[in-house]
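Coordinate inspection notes
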Amino acid sequence: MAGFSESKNVTIFGGGNGAHVLAGTSSLVKNAHVTVVDTFQDEAERWTNAMAANGFTMKYSNGQTKSQPAGAVNFKVTKEVEANVRNADIVILCMPAFLHEMVLTNIASYLQDKCVLVGLPGQAGFEYQALAILREHGKKCSVVSIETLPWACRIVKYGQEVEVLGTKEEIYASQIEQIKSKDTDSNSSPMGQVQTILGPKPVLKREMNIIKYTFLYRPTVHPPIMYAKWKNWDGKPLETAPLFYQGVDEEAVKYLDGATNEMIEVANVLASKYPNMDFSGISPMKECFIGEYPDQIEDKQTLLSCLKTNRAYDGLVHPMKKTADGKLEPDFKYRYLMEDVPYGLLIIRQIAGMVEVRTPLIDEIIVWAQAKLGTEYMKDGKLCFVDRKHGRLPMAYGINTIEEFVNFFE
Ligand code: NAI
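Quick summary incoming for the structure in this document. Just so it is clear, the structure is predicted and the values come from calculations on it, not from any experiment.

What follows covers the overall build of the protein chain. A tally of helices and strands in the protein chain yields 15 helices and 16 strands. For 410 residues, the compact-globule estimate of 2.2 N^0.38 gives 22 Å, and the C-alpha radius of gyration of the protein chain, at 21 Å, lies within 12% of that figure. The principal-axis extents of the C-alpha atoms in the protein chain amount to approximately 55 × 50 × 40 Å. A burial count over the protein chain gives 54% of its 410 residues as buried. Long-range contacts, defined here as pairs at least 24 residues apart, represent 72% of the contacts in the protein chain between residues at least 6 apart. Here the protein chain has roughly 18,400 Å² of accessible surface; of this, 49% comes from carbon and sulfur atoms. Looking at charge distribution, the protein chain has the averaged site of its 44 positive side-chain charges lying 2 Å from that of its 50 negative ones.

Moving on, we come to the packing of aromatic side chains. This structure, assessed with the given rule, holds 20 aromatic pairs. With centroids separated by 5.2 Å and ring planes inclined at 85°, the aromatic side chains of Phe-56 and Phe-75 adopt a geometry described as edge-to-face. With Phe-56 in strand 3 (residues 56–60) and Phe-75 in strand 5 (residues 75–78), this residue pair connects regions lying 19 residues apart in the sequence. Phe-75 gets classed as buried once you look at its relative accessible area, which sits at 5%. Relative to Phe-409, the ring of Phe-408 lies with its centre 5.5 Å away and its plane at 80°, an arrangement referred to as edge-to-face. Taken together through their ring pairs, the aromatic side chains of Phe-244, Tyr-245, Phe-289, Tyr-293, Tyr-313, Tyr-334 and Tyr-336 make up a single cluster. Note that Lys-229 overlies the ring of Trp-230, its terminal NZ or CZ placed 5.9 Å from the centroid. Between Lys-372 and the ring centre of Phe-332, over which it is positioned, the NZ or CZ distance is 5.0 Å.

This part takes up the site of the ligand. Neighbouring the ligand are 20 residues, the closest being Asn-17, Gly-18, Glu-43, Gln-123 and Arg-335. Here an oxygen atom of the ligand sits 2.7 Å away from a polar atom, N or O, in the main chain of Gly-18. The contact in question runs from an oxygen atom of the ligand to an N or O atom on the side chain of Glu-339, over 3.0 Å. Here the ligand, which alone exposes 830 Å², has 75% of that area covered by the protein.

Calculation notes
Residues numbered from 1 in each chain as written. Predicted model: local features only at pLDDT ≥ 70, side-chain atom pairs only at ≥ 80, totals over all residues. Heavy atoms only, no water. Helix = DSSP H or I, 4+ residues; strand = E, 2+ residues; numbered from the N terminus. Rg over C-alpha atoms; globule rule 2.2 N^0.38 Å. Buried < 20%, exposed > 50% of the residue type's maximum accessible area, 1.4 Å probe, protein only. Contact = heavy atoms within 4.5 Å. Areas by Shrake-Rupley, 256 points an atom, 1.4 Å probe, with all protein chains shown as cover. Lys, Arg positive; Asp, Glu negative; His and termini not counted. Charge placed at Lys NZ, Arg CZ, Asp CG, Glu CD. Phe/Tyr/Trp six-rings, centres within 6.5 Å; stacked < 30°, edge-to-face > 60°. Lys NZ or Arg CZ within 6 Å of the ring centre and 35° of its normal. Near = heavy atom within 4 Å. Polar contact = N/O pair within 3.5 Å; in protein donor to acceptor, adjacent residues only side chain to side chain.

Next up, the structure:
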């Protein structure tokens, strides 16, 4: 069995779908001693009780099952933060991005310098957020940010059973070492340690250019579709939830393509300003979808046809919530806006401003989304100051110019 050659204390923060799979997976790795720290409501208690009575099971879509019987589960769940951060070799945040600031500020003073701090997923901006907070506490930990969650997954029974619907083949990761390791074994590098925890799949691909990495999260997918669908909504509840990807029209395609092309233009300006940095591979929307779903799209002619005929999107609907009379209305606080605007689109918007690229379509989407999210991000065509509570823009971490951004990671 692959694993660590010596004992590693792995502390996972989180209590949702991803944290369940990560706890189950990492606790089967040789020499990994796994603790989940979950401070949210009564989750730690519920999870602990459920495992004590029923064990812990991961079910995969190919029929495979990995079970740890009651009384012999190889990890524990607790609310205790300090001791489990102080003794950790690896700390992994596995939760939605809006929680990262709170957790990072709560744990920074307890971290050992040798600890590897991981965002799984990190999503756009985790690197400078984590590095800024570590520096504020005089800490020298390494930082690894994983592009997205390795699994499509959902909890079946809280604390005892989770379903893994799919595992990604390859995902991007970034790595920052504040103290350069002398060890040349790639398995013991910060990223190598995360790979050991995840096992063979997905393969982590290192992205060296952290500014480009910010673009690879592609925050120009969900907000444009939400905007096109709901910008003229009359407020009347619906009987059924509309299809999300397969329900797009020419208007949605205009914003999907247009916002992505504005982002590509920003990357092109950066590429000519910094010829030694690689900004390649930020593809137009149609290419992205074909790359991701080569076998599931029936008609690859246009972006519209790619979305409408992608079998992987069968049945995926807009996020909706129930009204008092049992009908449906759009849920604007779902992650498609709540995460992808303040932890995605706004970051691109600030970088565009740094290099003086105009982004009229992205601006239009932000101005609409800010009313739904209840925070003012833009006024009179200009970005407002957005603090750490309301997003993860570089400006909240003291980064105001492109030079400051490039130099931040030196
Ligand atoms: P989740 O939605 O299951 O996370 C919910 C958990 O977050 C809660 O159980 C609780 O532990 C914690 N939490 C929520 N509100 C809190 C609060 N106010 N204070 C403290 N803790 C709080 O998240 P999930 O599904 O594990 O996803 C993690 C990230 O990965 C998200 O950013 C998600 O967008 C992304 N992702 C998820 C996928 C999936 O299949 N689940 C697929 C791709 C990405």
